[in-house]
Amino acid sequence: YLVLIQLFLGNSCRFIAKPCAINLGIQDSGPHRAQPNAILEKVFTSITKSPDGKRLEGLSKQLDWDVRKIQRWFRHRRNQDKPTTLTKFCESMWRFTFYLSIFFYGIRFLWTAPWFWDTRQCWYNYPFQPLTSRLYYYYILELAFYWSLMFSQFTDIKRKDFLIMFVHHLATIGLITFSYMNNMVRVGTLVLCLHDASDFLLEAAKLANYAKYQRVCDAFFMLFGVVFIVTRLGIYPFWILNTTLFESWELIGPYPSWWLFNGLLVTLQVLHVIWSYLIIRTASKALVRGKVSKDDRSDVESSSEEEDGTSNSTKGIFSTSRNGSNRLNGHVAGGQWTGE
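Residues numbered from 1 in each chain as written. Predicted model: local features only at pLDDT ≥ 70, side-chain atom pairs only at ≥ 80, totals over all residues. Heavy atoms only, no water.

As named in an unreviewed UniProt entry, the chain is CERS5 synthase, taken from Regulus satrapa. What the UniProt record of the chain gives under Catalytic activity (unreviewed entry) is the line "sphinganine + octadecanoyl-CoA = N-(octadecanoyl)-sphinganine + CoA + H(+)". (UniProt positions renumbered as here; feature names shortened; annotations may be inferred.)

Listed below in structure tokens is the structure:
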């Protein structure tokens, strides 16, 4: 299933997402490339990608270049290896398609499931509960997708929220695998569907941003924030954690794996609180500025950071300019925007 998802990724990018991006006017062009320089290239590849003041002074004397020119060269060199807006649009397109499809599949499946309406049904006759084919495919597809996110995190550009997202993916994979092995799939489907409810909205916001529809982007982000907070801070603790912590204890007792299972679920809740705080902070700033603020985890650095020292707060959250395009894994972290 992991291979099938990767094939789906490749084909959707090639035959669907790329033509859509081209029709929207998104060009396959990257940031400004640094001019060839053997000395600076050697420093960049062998010593440091962000030289300090002392090293900049030494390079300035060696090359007879202005320090600001050398700073500009290193910024351009760091940026030129980053993915283009077209590449990021294609990635968001396939994630949007998967999240939306799996969410509606989960809703359609759970709508007729008795435990969707009464969570105590998750524990009746446990562990002797049948595993239907639809439930099995739902679980396996979700597991394969999160494994693909785990692997891609190591090949993508390392971001500020790398550790948080790594813990999130690890906890999710652990929960899916653990609940499947222990036949806790009923409550597991509730957790999966709940987490899929907001993810496709974030990807939709990114798609709108890459296409330079800023108002649509901001609207999707606000909707994403509302759904995220309602599901992760409202429904999740009072619906999911209530049944795993209290109803399960009442109906089947503290089984040996109870502590580990609930420990992983509580870990997710801690991450939900962190992300919700950052979403609220970003949204509150957006109401003041009139648009969502810039992502701190930007793939590409803005020229104002090193040349002019001006604030980036007036840029859109997913600015698609040549030197300011951003990318998210799926959630927020690091103080502003950070969403895989």
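Colleague: Just give me the short version of the packing of aromatic side chains, but keep the residues and values in it.
Modeller: Tallying each qualifying case throughout the model produces 25 aromatic pairs. Seen from the ring of Trp-65, Lys-69 lies directly overhead, with NZ or CZ sitting 4.3 Å from the centre. (Phe/Tyr/Trp six-rings, centres within 6.5 Å; stacked < 30°, edge-to-face > 60°. Lys NZ or Arg CZ within 6 Å of the ring centre and 35° of its normal.)

Colleague: Hey, could you go over the packing of helix α2 (residues 38–46) against helix α4 (residues 67–79) for me, with residue numbers and the actual values?
Modeller: When two helices pack together, their arrangement is given by the angle between the helix axes and by the axis-to-axis distance. At a minimum axis separation of 11 Å, α2 and α4 run at an interaxial angle of 55°. Relative to α4, α2 is oriented oblique. Judged by the sense of rotation from one axis to the other, the crossing of α2 with α4 is right-handed. Contacts from Leu-40, Glu-41, Val-43 and Phe-44 in α2 reach Ile-70, Trp-73, Phe-74, Arg-77 and Arg-78 in α4. Its residues placed into classes, the contact of α2 with α4 shows 6 nonpolar, no polar and 3 charged. (Axes fitted to C-alpha atoms, helices over the stretch in contact; angles between N-to-C directions. Helix = DSSP H or I, 4+ residues; strand = E, 2+ residues; numbered from the N terminus. Parallel < 35°, antiparallel > 145°, perpendicular 65-115°, else oblique. Left-handed = near helix turned anticlockwise from the far one by under 90°. Contact = heavy atoms within 4.5 Å. Nonpolar A, V, L, I, M, F, W, Y, C, P; charged D, E, K, R; others polar.)

Colleague: Now, about the packing of helix α3 (residues 53–63) against α4: what can you tell me, with residues and values included?
Modeller: It is the contact of α3 with α4, at a shortest axis distance of 9 Å, that shows an interaxial angle of 110°. Classified by the angle their axes make, α3 and α4 are roughly perpendicular. The residues of α4 that touch α3, namely those facing Leu-56, Glu-57, Leu-59 and Ser-60, are Val-67, Ile-70, Gln-71 and Phe-74. In the contact of α3 with α4, the residues fall into 5 nonpolar, 2 polar and 1 charged.

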